[in-house]
Amino acid sequence: MALNVFDHDEYRPPVWKSYLYQLQQEAPHPRRLTCTCEVETRPKYYGREYHGMISREEADQSLSQAEGSYLIRESQRQPGTYTLALRFGNQTRNFRLYHDGKHFVGEKRFESIHDLVTDGLITLYIETKAAEYIAKMTINPIYEHVGYTTLNQEPTLKKLLPQSPEAPDGPVPVKEDSNAEERLTSLVRRATLRESDLAPKYEKIHNFKVHTFRGPHWCEYCANFMWGLIAQGVKCADCGLNVHKQCSKVVPNDCQPDLRHVKKVYSCDLTTLVKAHNTKRPMVVDMCIQEIEARGLQSEGLYRISGFSELIEDVKLHFDRDGEKADISSNAYEDLNIITGALKLYFRELPIPLITYDAYPHFVETG
């Protein structure tokens, strides 16, 4: 049953929590400490922040004047390795610095040292000031109050977008002339409809990938700000849910794939496909079997004789591109073995087979 979005007992716009955003605004700004002389051994990917082979004590003395100041030095103990010396919390912190085309000290990779230091200062400041808050921010998630479904049609909720223009209490405002679908955040999409009682009840875990959000972004699980310059959190590649990395560990297995994120039919997880299309079986299976039963039940070697591989790939391309609108009729493919081949190919390319890896040993034992 569809949720009446104007029933205030059922739906309340999310309240975005701005505390971590405010802390990010307060974080120390990076201050590059430049070397006054030219260092011949300076690697080409470092600038004047490189001071050559100086000791920890010399770096500490140079950086002691300003919070957020930084320099790069070559290690005296291990020549050829480099250290980022950064002033934070009235002490100098040293980090082993790496470069593989981008700069990094941990998982995140940056185009410039300045961006790396900026992100590092934000992270250090927030995790120092709000360690207890961060540890508890998943206790009362907004996710449980708003609910979770996917809205695949666009029309109803332009007025219910979270408001956030002036103060940092919500997502970044969107321009009036942008696409209507883009004006609906994934949280609002999920809040507008409840899953139909007639829909198949398949459990599906979220397909989270590390993601860089452009502009301020808020976690759709705990409603807290996602801090940092890059890789601030993770995004579900199937439904678009945006959450902190730590929040992703407690999000329920209730992914509702969105057709705007599911770009293909073949090589797509079976549960993802049926939930995205709201069907009991993948549409490619129903369409192929319907075609086979309509014109092939008297054929010999129906699933044994192979069709031309080029034409089977052509059927796959049409399903990936057109979905349930793909034409697999006799007008398009006279040889029915092409359709049976396309069906077999679909099952072969499933990333998780019909008899799952976990179930396979038990299946063998029963034999």
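Quick caveat: nothing in here was measured; it's all calculated off a predicted structure.

Undergrad: Explanation requested: the overall build of the protein chain in the structure shown.
TA: When its secondary structure is counted, the protein chain shows 11 helices and 8 strands. Residues counted as buried form 44% of the 367 residues belonging to the protein chain. Considering only contacts in the protein chain between residues 6 or more positions apart, those separated by 24 or more positions represent 61%.

Undergrad: Can you walk me through unusual backbone geometry in this structure?
TA: Excluding glycine, a negative phi dihedral is what most residues carry, and trans is how most peptide bonds are arranged. The phi dihedral of Asn 90 falls on the positive side, at around 60°, and the residue is not glycine. Residue placement: Asn 90 occurs in the loop between β3 (82-88) and β4 (91-99). You will see that Ala 231, though not glycine, has its phi angle at about 45°, which is positive. Residue position: Ala 231 is located in the loop between β6 (208-211) and β7 (233-236). Overall, Ala 231 belongs to the partly exposed group, its relative accessible area being 22%.

Undergrad: Whenever I open this one, the packing of helix α9 (residues 309-322) against helix α10 (residues 336-348) confuses me. Can you help?
TA: When two helices pack together, you describe them by how their axes are tilted relative to each other and by the distance separating the axes. Close contact between α9 and α10 brings their axes to 9 Å; oriented N to C, the two are set at 65°. The element α9 and its partner α10 pack so that their crossing is right-handed. Contacts between α9 and α10 involve Leu 311, Ile 312, Glu 313, Val 315 and Lys 316 from the former and Ile 338, Gly 341, Ala 342 and Leu 345 from the latter. Among the residues forming the contact of α9 with α10, the class breakdown is 6 nonpolar, 1 polar and 2 charged.

Undergrad: Would you mind going over the nonpolar core with me for this structure?
TA: Side chains that are nonpolar tend, in soluble globular proteins, to be buried together. Within the largest apolar cluster, 48 residues are counted, with the highest numbers of intra-cluster contacts made by Leu 20, Ile 72, Tyr 221, Trp 227 and Val 243. Looking at this core, the elements with two or more residues in it are α1 (19-26), β2 (69-74), β3, α3 (113-129) and β7. With 8 residues, α3 is the single largest residue contributor to this core. Core analysis: the second largest hydrophobic core is formed by 27 residues, Val 262, Cys 268, Cys 288 and Ala 326 among them.

Undergrad: I would appreciate a short explanation of the sheet that holds strand β1 (residues 31-32) in the present structure.
TA: Strands pair in a sheet through their backbones, by hydrogen bonds, and they do so in one of two ways: parallel or antiparallel. The strand order across the open sheet built from 5 strands is β1-β2-β3-β4-β5, with neighbouring strands paired in mixed fashion. One side of each edge strand has no neighbouring strand; the edge strands of this open sheet are β1 and β5 (103-104). Pairing geometry for β2 and β3, over 5 bridges, is antiparallel. Across the sheet, Leu 71 pairs through a bridge with Ala 85, a residue of β3. Contacts from helix α2 (residues 56-63) reach β2, β3 and β4, with the element oriented near 160° to β2. α3 contacts β2, β3, β4 and β5 of the sheet and is inclined by roughly 45° relative to β3.

Undergrad: Just to check I follow, could you spell out the sheet that holds β7 for this structure?
TA: The 3 strands are arranged β6-β7-β8 in an open sheet whose pairing can be described as antiparallel. Looking at strand neighbours, the two that pair on one side only are β6 and β8 (242-243), the edges of this open sheet. Two elements, β7 and β8, share 2 bridges in a ladder whose sense is antiparallel. Across the sheet, Val 234 pairs through a bridge with Val 243, a residue of β8.

Undergrad: Where do I start with the pattern of salt bridges in this structure?
TA: Side-chain pairs of opposite charge can arise whenever the charged atoms involved come near each other. If you walk through the whole model with that rule in mind, you get 13 salt bridges. Between Arg 87 and Asp 60 there is a salt bridge, with its nearest N and O atoms 2.9 Å apart. Here Arg 87, found in strand β3, pairs with Asp 60, found in helix α2; they are 27 residues apart in sequence, far enough to count as distant. On the accessibility criterion, Asp 60 (33% relative accessible area) is partly exposed. Linking Lys 204 and Asp 238 is a salt bridge whose minimum nitrogen-to-oxygen distance equals 2.8 Å. Pair noted here: Lys 204 is in the loop between α6 (186-192) and β6 and Asp 238 is in the loop between β7 and β8, with a separation of 34 residues, a long-range link. For Asp 238, a relative accessible area of 10% corresponds to the buried category.

Undergrad: Quick question: what am I supposed to make of the packing of aromatic side chains here?
TA: Taken as a whole and assessed by the stated rule, the structure comprises 13 aromatic pairs. Aromatic pair Tyr 143 and Tyr 221: ring centres 5.4 Å apart, planes at 40°, arrangement tilted. With a gap of 78 residues between them, Tyr 143 in helix α5 (residues 143-146) and Tyr 221 in the loop between β6 and β7 connect regions that are remote in the sequence. Here Tyr 143 matches Tyr 221 in class, with each residue buried. An aromatic cluster of at least three residues, connected via ring pairs, comprises Tyr 45, Tyr 46, Tyr 50 and Tyr 82. Seen from the ring of Phe 104, Arg 109 lies directly overhead, with NZ or CZ sitting 3.8 Å from the centre.

Undergrad: Please clarify how the side chain of Asn 224 should be interpreted in this entry.
TA: The residue Asn 224 is located in the loop between β6 and β7 in this model. In terms of polar contacts, Asn 224 uses its side chain to reach the side chain of Tyr 133, at 2.6 Å. When near neighbours in sequence (up to four residues on either side) are disregarded, Asn 224 contacts Lys 17, Leu 20, Tyr 133, Met 137, Trp 218, Cys 219 and His 244.

About the thresholds
Residues numbered from 1 in each chain as written. Predicted model: local features only at pLDDT ≥ 70, side-chain atom pairs only at ≥ 80, totals over all residues. Heavy atoms only, no water. Helix = DSSP H or I, 4+ residues; strand = E, 2+ residues; numbered from the N terminus. Buried < 20%, exposed > 50% of the residue type's maximum accessible area, 1.4 Å probe, protein only. Contact = heavy atoms within 4.5 Å. Axes fitted to C-alpha atoms, helices over the stretch in contact; angles between N-to-C directions. Left-handed = near helix turned anticlockwise from the far one by under 90°. Nonpolar A, V, L, I, M, F, W, Y, C, P; charged D, E, K, R; others polar. Core = buried A, V, L, I, M, F, W, Y, C linked by side-chain atoms within 4.5 Å. Pairing = 2+ DSSP bridges. Salt bridge = Lys/Arg side-chain N within 4 Å of Asp/Glu carboxyl O. Phe/Tyr/Trp six-rings, centres within 6.5 Å; stacked < 30°, edge-to-face > 60°. Lys NZ or Arg CZ within 6 Å of the ring centre and 35° of its normal. Polar contact = N/O pair within 3.5 Å; in protein donor to acceptor, adjacent residues only side chain to side chain.

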